[in-house]
Amino acid sequence: MGTDVRKAVAPTPLRGEISLPGDKSISHRAILFSSFARGKARVLTSVLGRDNFASLRIMRQLGTKASGALSQKMLSLASEEGLDGFSLSGDDTCEIVIEGMGLQGFSSAGSALDCGNSGTTARLLCGLLSGQQFESQLIGDHSLQSRPFKRVTEPLGHMGARFSGDRLPLTIFGPEGAKLKGIAYDSPRASAQVKSALLLAGLQADGDVRVSESHCSRDHTERMLSAMGCHLESGLRADGRWEVLLPDSGKRDHYDALDIVVPSDFSAAAFFLVAGSIVPGSEIMMRNVGFNKTRIGLFSILEGMGASFTCENARSVGGEEVVDILVRSASLRGVSVSAEDVVLAIDEIPILAIAAAFAEGETLISGASELRVKESDRLTMTANILQYFGVPVEELPDGLRIQGQSFEAPGTIERVDDSWKSTGDHRIAMSGAVLGFAQGLGFELHDKEAVETSFPTFADCFQLLT
Ligand code: S3P
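Looking now at the packing of aromatic side chains. Aromatic ring pairs are described here by two measures, namely the spacing of the ring centres and the angle between the planes. Applying the stated criterion to the full structure yields 16 aromatic pairs. Among the aromatic residues, those joined into a cluster by ring pairs are Phe271, Phe272, Phe437, Phe443, Phe455, Phe458 and Phe462. Over the aromatic face of phenylalanine 149 sits the side chain of arginine 123, whose NZ or CZ is 4.9 Å from the ring centroid.

Let's shift gears to the environment of glutamate 321. Within the secondary structure, glutamate 321 sits in strand E17 (residues 320-328). Residues glutamate 321 and proline 263, 58 residues apart in the sequence, show an inter-C-alpha distance of 8.5 Å. With residues near it in sequence (within four places) discarded, glutamate 321 still touches Arg223, Val289, Gly290, Phe291, Asn292, Lys293, Arg315 and Ser316. At 3.1 Å, the side chain of glutamate 321 forms a polar contact with the side chain of arginine 223.

This part takes up unusual backbone geometry. Cis peptide bonds are those with omega within 30 degrees of zero, and the linkage from leucine 168 to proline 169 qualifies with -5°. Note on placement: proline 169 falls in the loop between strand E8 (162-163) and strand E9 (170-173). Not every positive phi belongs to a glycine, and asparagine 313 is a case in point at roughly 60°. Tracing the chain through its elements places asparagine 313 in strand E16 (residues 308-317). Residue asparagine 313 is classed as partly exposed on the basis of its relative accessible area of 49%. For aspartate 447, which is not glycine, the phi dihedral falls at a positive 55°. In this structure, aspartate 447 sits in the loop between helix H14 (426-438) and helix H15 (448-451).

What counts as what
Numbering of residues begins from 1 in every chain and follows the order in which that chain's sequence is written. The model is predicted, so local features are restricted to residues of pLDDT at least 70 and side-chain atom pairs to those at 80 or more, both for listing and for counting; the totals for chains, interfaces and linings are taken over all residues. Remark: hydrogens and water are excluded; side-chain values derive from all non-hydrogen atoms of the structure. Any Phe, Tyr or Trp ring, taking Trp's six-membered ring, that has another such ring centre within 6.5 Å forms a pair; planes under 30 degrees apart are called stacked, those over 60 apart edge-to-face, and the others tilted. Placement of a charge over a ring requires the Lys NZ or Arg CZ to be within 6 Å of the ring centre, with the centre-to-atom vector within 35 degrees of the ring normal. In this text, helices come from DSSP runs of H or I with a minimum length of four residues, and strands from runs of E with a minimum of two, each type numbered from the N-terminal end. By definition in these notes, contact holds between two residues if any of their heavy atoms fall within 4.5 Å. Polar contact criterion, stated in full: a pair of N or O atoms within 3.5 Å, where within protein one must be able to donate a hydrogen and the other to accept it, and residues adjacent in sequence count only if both atoms are side-chain atoms. For every residue, the accessible area (1.4 Å probe, protein chains only) is compared with the maximum for its type, and the residue is labelled buried under 20%, exposed over 50%, or partly exposed between those bounds.

Shown next as structure tokens:
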């Protein structure tokens, strides 16, 4: 707790072009899936975060060979994450070469697999490792240990998978019987991590795997597995639910190793879509931004609020849509955000709330209770940031009600609860930095290490634009 009274000045407009990290979700999948493909896969990207390095370290522990060239910054971060043996790329690009050995090629790590802060790593590994004939132990940091895993262990259990419990540290035993079996599962939540875990287990099971969800969550797993030669079907069911089917006949003995060019992360672009919109006089160019329709809910919500975006050069890269986006500052108005919108913007609600603070009128976000079990309780933490900066906000059980443009001048209020500064949550830290900057308090980033889980160059991007 502390007291913080500062004088605000007009924020410097954010102008220029920035290069964003590679998509975190796609990078996890590229690393995991290439490890069970047959042959050499190349993953081409720019910046990776600690979460992706955790996935890579674990696949090495399980016997995958990975080499390649990293930029200087990534070489240091990789080394901090216990990953050596990479060369220096000499520029800002990274190329990771993964030698896949097939689904039967993995061997017991002999020590715990540390997923760090990464829920995607841990939940996807629950699926991948539950079909393997050896025991594995997943561990993680304090935040990951508090996150729920029943959402994957329960349906995987129906497939014959065996786990020591529903939280990390978690031991994954080999399947009950010789092999896992198929499943038809109506997931109570739209979750790409759940869907992906079941599909990865399904690749090693006898029988069909069907997973349905209320709305289609991010579909990178389906796209990448299809490109590797797996046959998947998906579509809307008669009852309105979205279903993905991995038929038994759709599985292969070998999956193809791919060259994967990872698009820039839309979830990283999100901070600058908002910052560029709310800081007067801004104009920011971001190229090669992943524009998969299951990810870009924030883009549509901000457009509905009056944001000024120009998309150019729409193209497809490795089965994923990509665009160049120019954002210019604009006057925003409040908006209503429903559960359906939240699925497509699941990681962007904190930064959306910052946009709402600068919009005219009220913004009501509902159907977002899932945010309470992310890297932190993101509804409480977002409310804390807004309150800290003087923005009127009401925390609801499943959302937030924000009164835009009615905050007190930052220099005139006493801030006492500064607990948001050390939540260990990367997206909360970056959202707080954008809000403080837009209020004219300068750029201040707390929790730098947490930010490195997804966006190690966040502060560099800000510096480049000011
Ligand atoms: C992710 C899925 C989402 C998202 C997370 C990444 C993924 O989680 O919040 O940051 O890569 O599959 P849920 O599947 O729990 O919605």
